[in-house]
Amino acid sequence: MVAEKLQYSSVRLSKVAVSETHGEDSPYFAGWKVYDENPYDELSDSDGVIQMGLAENQVSFDLVEEYLEKHSANIGNEASTFRENALFQDYHGLKSFRKAMASFMEQIRGGRAKFDPDKIVITAGATAANELLTFILADPGDALLIPTPYYPGFDRDLRWRTGVNIIPIHCKSSNNFEITRESLESAYDEAESKNVKVRGVLITNPSNPLGATIARPVLEGILEFVTRKNIHLVSDEIYSGSAFSSDEFVSISEILEARKYQESERVHIVYSLSKDLGLPGFRVGTIYSYNDHVVKTARRMSSFTLISSQTQQLLASMLSDRQFTESYIKTNRERLKKRQQMIVSGLENSGIKCLRGNAGLFCWMNLNPLLNECTKEQELELWKLILHEVKLNISPGSSCHCSEPGWFRVCFANMSERTLEVALKRIHNFMSSRNLCS
Amino acid sequence: MNLSSKATCASHGQDSSYFLGWQEYEKNPYDEVRNPDGIIQMGLAENQLSFDLLESWLAENPDAASFRRNGESIFRELALFQDYHGLPAFKNALAKFMAEIRGNKVSFDPRNLVLTAGSTSANEALVFCLAEPGDAFLLPTPYYPGFDRDLKWRTGVEIVPIQCTSSNGFRITKPALEEAYDTARNRNIRVKGILVTNPSNPLGITLSDKELNLLINFVESKEIHLISDEIYSGTVFNSPRFTSVMEILLDRNYVDTEVRNRVHIVYSLSKDLGLPGFRVGAIYSNNPMVVATATKMSSFGLVSSQTQYLLSAMLSDEKFAKNYVVENQKRLKNRHMMLVQGMEDAGISCLESNAGLFSWVDMRHLLESDTFEAEMELWKKIVYDVGLNISPGSSCHCLEPGWFRVCFANMSEETLNLAMQRLKSFVDSIYQSNDSYGFFHNFSVKDSRRRLLKKWVFRLSSSDRGLERDR
């Protein structure tokens, strides 16, 4: 009987397990594979693929390393705190850590919003935070409305295990991909026509992949919309510390505070240290909600995804050091701005225009003029060409669900300046060969 | 504001007595100096006995906690490392450690290991991989109360109990398995697998070879999965030695079989190493599809690279790891003996056990009646009047009233002694008084304790959620 069964695998896994909603068949991941097979090496100046598809922040590590050098004695290395720390699995999270996070988030917003540490729920990364919120705010079959273009990972994070749908809010280049009232209504109507219940809107501010902050009037419009429809608003603000200037970033928290928190129980903010501090490996995410029931439920659910107490302890020390955080935030912003200016002008010299950006670790580049036809297929052809011949792994707009072909997200903060120069040179050569340089 | 049905249902399980006792403890926690009449926490399965070993290793190996490898900083590398395949050095060390705990009777391929933020996350992820909402897993009772939340809440999967009784030491029997399976079928529920905890929580016993073979035969014939939660495997302090289900598969020569593809192990460092705060769990499966899917799912609960690195250094120090396991087991054995002796002195017997951080204690003879109401009454008295937070068997879904899980590894020896003294006084007083529960009058407590009695108001109502508490 056992022998017969060796012929085939009758092991049936769940629908969730066999579905493709993990999204790993998309170009977003395919490009990664090609990069992995032949990565660029700066030392040998090889002709390997330069990774420009990874939104990592590597420009300010030295600041963190410096802090760690200076304060290694205080970072919970002493045996006396080890025991307590190792035992601490309370899903409330370390109080000192939550206080430090609240303070850090306040500083990023220039003190224009206050955060209560008791409304902070800890999760192992923003990936977990977004999924958790989706479990809490929506039932299987319901939908969240998300403006396009959006982070490809959302397709997995918000839909895979939750069974929730994403309905895109289509944004256009004609108005710089701004979220308009019409586009919101249109997305909502689309859901209704499919008999799908909309539970909320999820925005990323600053936007990934646009690399731009959402303007105050637009935020107010979104808030008005969700209030009118009586749905939730999730604001993923993981790039908030990467806005090049503090003044240009407006957080939904500021708007709520200005209104004395009216209608705030429908608003939830996701934050993480993966982008602003460049620590994706440490898995530090948070949910901040103005809704006590959401906070309580999220806290219980966070049992499935707590932050290592060792890591909480380290960051509690670091982030409560105002001298460090103020200096870090300021310097990090300056360096990112410089990098962005470098890539934008480099691209311009090659005849390529980018969306005007003021935040993030990437720019949103327009290669529409290069397309033979304005189609998704042509965009993917161009993408493959750039990957295999120009040897740059960039992210095609279609993987971000952009409704207009030809846009690409290009990361600039996950490499050295030298490597960025090499990348720009390759682009320049590519564009020259097509007689497209200005 | 409307939330999902998952948010509004009670499947988070926090209305159970398991958590409520905790609540009471937190309002009045025992402290040797500051609150000597407070409640002693005996409901928390933590291992606090061997921290000194970890601490001295850390003192001798400062690089591991300082982002250094051979004196060189690897901070950047770790800070950026978010690969869901996990740090290779850590998985290698973990695989070896797991083999070591099993006396190297089985070996583990690091490529079949999936790291998760604690076994809480591992168990849930496995259920997501193996079952649809509405399907069921069979679990032998009594079982860890947390499973009600971990396996069911977000997955929508059911638990159907495999009833075990004291008549045979709570061992899993074939009739019990069949009955559980049939119960599910009769309710039109599709059974996707069995989940056992080996060594068992709350029983503290290792599953016998007979039970393991029974389980394998059963999952083979029903074509279902078997999850073996082996998070207490390193806490076996007496014979019989620990036998993992993987070892049985090997013994039976089930190398390239379907059954082997359906057997999965869950592990964690929370109990064996006493590091629950670090959130280190793992799924081990020989099924490549399960490994692949669980790996992707682990994105929702990865282990901090900072922690992976520290532990890779610690566990790859094989001499240390071996010594730790042996010494830790010795200490657990002593503690266990202390508890059992203390219970005996109070005329209370424990299920004979050889593992875990707790004993399964028989207080049936102290019940006013053979009912769960009586068990609750007794429990309340033990929490409030004796000042011990222990876990009532009903919270573990035990079929028979009167059993309690009592932890012994999360406190000092002195505290454990005090707990046993309190218990003995309580039991003595019961037998001294004429009517069994007239102890409010005859109970020989200190005056201060009598005053405190009046202050404590027991609230079972789920509407009172004033206090959030840790797990």
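Residues numbered from 1 in each chain as written. Chains lettered and ligands numbered in written order. Predicted model: local features only at pLDDT ≥ 70, side-chain atom pairs only at ≥ 80, totals over all residues. Heavy atoms only, no water.

A few points about the overall build of chain B
For clarity, the cut-off: Runs of E in the DSSP output that reach at least two residues are strands. Runs of H or I that reach at least four are helices, and both are numbered from the N terminus. Exposure is judged per residue with a 1.4 Å probe applied to protein chains only, and the accessible area is read against the type maximum: over 50% gives exposed, under 20% gives buried, and values in between give partly exposed. Here, two residues are considered to be in contact whenever any of their heavy atoms come within 4.5 Å of each other. The Shrake-Rupley method, run with a 1.4 Å probe, gives the accessible areas here. Residue values count only the displayed protein chains as cover.
Within chain B, the regular secondary structure consists of 17 helices and 15 strands. The buried share among the 471 residues of chain B stands at 64%. When contacts within chain B are restricted to residue pairs at least 6 apart in sequence, long-range pairs at least 24 apart make up 76% of them. Accessible area of chain B: about 17,100 Å², with a carbon and sulfur share of 47%.

Remarks on the interface of chain A and chain B
Worth spelling out the cut-off: For any pair of parts, buried area is found by adding up, for both, the accessible area (1.4 Å probe) each one loses once the two are put together. By definition, a salt bridge exists where a carboxyl oxygen of Asp or Glu is found within 4 Å of a side-chain nitrogen of Lys or Arg. For this analysis, a polar contact is any N or O atom pair within 3.5 Å, provided that within protein one partner can donate a hydrogen and the other can accept it, and provided that sequence-adjacent residues contribute only side-chain to side-chain pairs. Residues are grouped as follows: Ala, Val, Leu, Ile, Met, Phe, Trp, Tyr, Cys and Pro are nonpolar; Asp, Glu, Lys and Arg are charged; every other residue, Gly included, is polar.
Each partner contributes residues to the interface: chain A has 80 residues there, and chain B has 81 residues. Taken over both partners, the interface formed by chain A and chain B buries close to 7,500 Å², and the fraction arising from carbon and sulfur atoms is 58%. Linking Glu69(A) and Arg68(B) is a salt bridge whose minimum nitrogen-to-oxygen distance equals 3.4 Å. Linking chain A with chain B are 23 residue pairs in polar contact (both at pLDDT 80 or more). Taken together, the residues of the side of chain A that touches chain B break down into 35 nonpolar, 23 polar and 22 charged.

Structural notes on the sheet that holds strand E8 (residues 225-229) of chain B
Residues and elements named next belong to chain B. Here is the rule: One requirement defines pairing of two strands: DSSP has to find at least two bridges between them. Comment: axis = line fitted to C-alpha atoms, over the contacting stretch for helices; angle = value between 0 and 180 degrees taken between N-to-C directions.
Across the sheet, 7 strands lie side by side as E4-E10-E9-E8-E7-E5-E6; this open sheet has mixed pairing. Edge positions in the open sheet fall to strand E4 (113-116) and strand E6 (158-162), since each of these has one partner strand only. Going from strand to strand, the sheet's axes swing by 25° on average, the running direction of each strand aside. Bridging between E8 and strand E9 (residues 263-268) involves 4 bridges; their strand directions are parallel.

A look at the UniProt feature "domain: Aminotransferase class I/classII large" (unreviewed entry) in chain B
Filter applied, for reference: UniProt positions are given in the numbering used here, feature names are shortened, and annotations may be inferred rather than shown by experiment.
Taking the numbering used here, the UniProt-annotated feature "domain: Aminotransferase class I/classII large" (unreviewed entry) corresponds to residues 40-423 of chain B. As annotated, residues 40-423 of chain B has a helix share of 41% and a strand share of 15%, and its two end C-alpha atoms lie 11 Å apart.

What about the packing of aromatic side chains?
The geometry of an aromatic ring pair is captured by two quantities: the separation of the ring centres and the angle between the planes. Convention followed: Stacked, tilted and edge-to-face are the three classes assigned to paired rings of Phe, Tyr and Trp, where Trp is represented by its six-membered ring and a pair needs centres within 6.5 Å; plane angles under 30 degrees give stacked, over 60 edge-to-face, the rest tilted. Lysine NZ or arginine CZ positioned within 6 Å of the ring centre and within 35 degrees of the ring normal marks a charge as sitting over the ring.
Enumeration over the complete set of coordinates arrives at 30 aromatic pairs over all chains. A ring pair is formed by Tyr144(B) and Phe147(B), whose centres lie 5.2 Å apart and whose planes are at 80°; its orientation type is edge-to-face. Overall, the relative accessible area of 2% leaves Phe147(B) in the buried class. Taken together, the ring pairs in this structure connect Phe61(A), Phe282(A), Phe67(B) and Phe75(B) into an aromatic cluster. The ring of Tyr188(A) has Lys229(A) sitting right over it, with the charged end atom 4.3 Å from the ring centre. Between Lys222(B) and the ring centre of Tyr181(B), over which it is positioned, the NZ or CZ distance is 4.5 Å.

Some remarks on the pairing of strand E7 (residues 267-272) of chain A
Residue and element names in this part refer to chain A. Note the threshold: The definition of a right-handed crossover adopted here requires that, viewed with the strands pointing away, the path from the first strand over the helix to the second runs clockwise.
Counting buried positions along E7 yields 6 of 6 residues, so the element is predominantly enclosed. Alternating positions in E7 separate into two faces, Val267, Ile269 and Tyr271 on one and His268, Val270 and Ser272 on the other, with burial throughout. The parallel pair strand E6 (residues 232-236) and E7 is bridged by helix H11 (residues 252-258), and the resulting crossover is right-handed. Pairing analysis gives 5 bridges linking E7 to strand E8 (residues 285-289), with the strands arranged antiparallel. In the strand pairing of E8, Ile269 is matched with Tyr288.

Thoughts on the environment of Asp150(B)
Looking at where Asp150(B) falls in the secondary structure, it is placed in helix H7 (residues 147-150). Along the primary structure Asp150(B) and Ser119(B) are separated by 31 residues, whereas in three dimensions their C-alpha atoms are 9.5 Å apart. Those residues in contact with Asp150(B), other than ones at most four positions away along the chain, are Phe304(A), Thr120(B), Glu124(B) and Tyr144(B). There is a polar contact of 2.8 Å between the side chain of Asp150(B) and the side chain of Arg149(B).

Considering the sheet that holds strand E9 (residues 353-354) of chain A
All names here are of chain A. Reading across the sheet, the 4 strands line up as E9-E10-E13-E12 and stay open at both edges, with antiparallel pairing between neighbours. With one partner strand each, in any of the chains shown, E9 and strand E12 (395-396) form the two edges of the open sheet. Running at roughly 15° to strand E10 (residues 362-366), helix H14 (residues 322-349) makes contact with E9, E10 and strand E13 (407-411) of the sheet.

Quick word on the domain arrangement of chain B
Residue and element names in this part refer to chain B. So the rule is basically this: Either an automatic procedure or a domain database provided the assignment from which the domain bounds are taken.
We note that the domain assignment places domain 1 (5-51 + 322-467) and domain 2 (63-317) within chain B. The partner domain 2 presents 40 residues to the 37 residues of domain 1 that form the contact. Between domain 1 and domain 2, the buried area comes to about 3,400 Å², and carbon and sulfur atoms account for 61% of it. On the domain 1 side of the contact with domain 2, Lys6, Asn354 and His397 bury the most area, a combined 18% of that side's loss. At the junction of domain 1 with domain 2, the criterion picks out 21 residue pairs in polar contact (both at pLDDT 80 or more).

A few points about helix H8 (residues 174-186) of chain B
Residues and elements named next belong to chain B. Heads up, the rule is: One fewer than the residue count of a helix, multiplied by 1.5 Å, yields its expected span. In this description, one arc is meant: the one made by directions from the helix axis to the C-beta atoms.
The end-to-end C-alpha distance of H8 is 18 Å, a good match for the 18 Å that 13 residues give at a rise of 1.5 Å each. Within H8, the full set of buried residues consists of Ala176, Leu177, Ala180, Tyr181 and Ala184. Viewed along the axis of H8, the buried residues span an arc of 130°, placing them on a single side of the element. Away from its buried face by more than 90 degrees, H8 exposes Pro175, Glu179 and Asn186.

Quick word on the environment of Val284(A)
All names here are of chain A. Considering the arrangement of structural elements, one finds Val284 in the loop between E7 and E8. A residue is classified by how much of its surface remains accessible, and Val284, at 1% relative accessible area, is buried. In the structure, Val284 is positioned 156 residues away from Ala128 in sequence and 9.7 Å away in space, judged by C-alpha atoms. Setting aside residues no more than four positions away along its own chain, Val284 makes contact with Phe97, Met101, Thr123, Gly125, Tyr271, Ser272, Leu273, Ile307, Thr311 and Leu315.

What to know about the nonpolar core
Which entries qualify depends on this criterion: Buried residues of nine kinds, namely Ala, Val, Leu, Ile, Met, Phe, Trp, Tyr and Cys, make up a nonpolar core once their side-chain atoms join them within 4.5 Å.
One finds Val201(A), Leu94(B), Ile194(B) and Leu269(B) to be the most contacted residues of the largest nonpolar core, which totals 160 residues. It is helix H5 (residues 88-101) of chain B that contributes the most residues to this core, 8 residues altogether. In contact with Val201(A), other than residues within four places in its own chain, are Leu145(A), Ile169(A), Leu184(A), Ile222(A), Phe225(A), Val226(A), Ile231(A), His232(A), Leu233(A) and Val234(A).

Here's the deal with the pattern of salt bridges
All names here are of chain A. As enumerated under the stated definition, the model contains 49 salt bridges over all chains in all. Between Arg181 and Glu185 there is a salt bridge, and its shortest N-O distance comes to 4.0 Å. Taken together, the positions of Arg181 and Glu185, both in helix H9 (residues 181-193) and 4 residues apart, correspond to about one turn of that helix. Taking the relative accessible area as the measure of exposure, Arg181 reaches 49% and is therefore partly exposed. Here the salt bridges share partners, and the residues they tie into one network are Arg181, Glu185, Glu224, Arg228 and Lys229.

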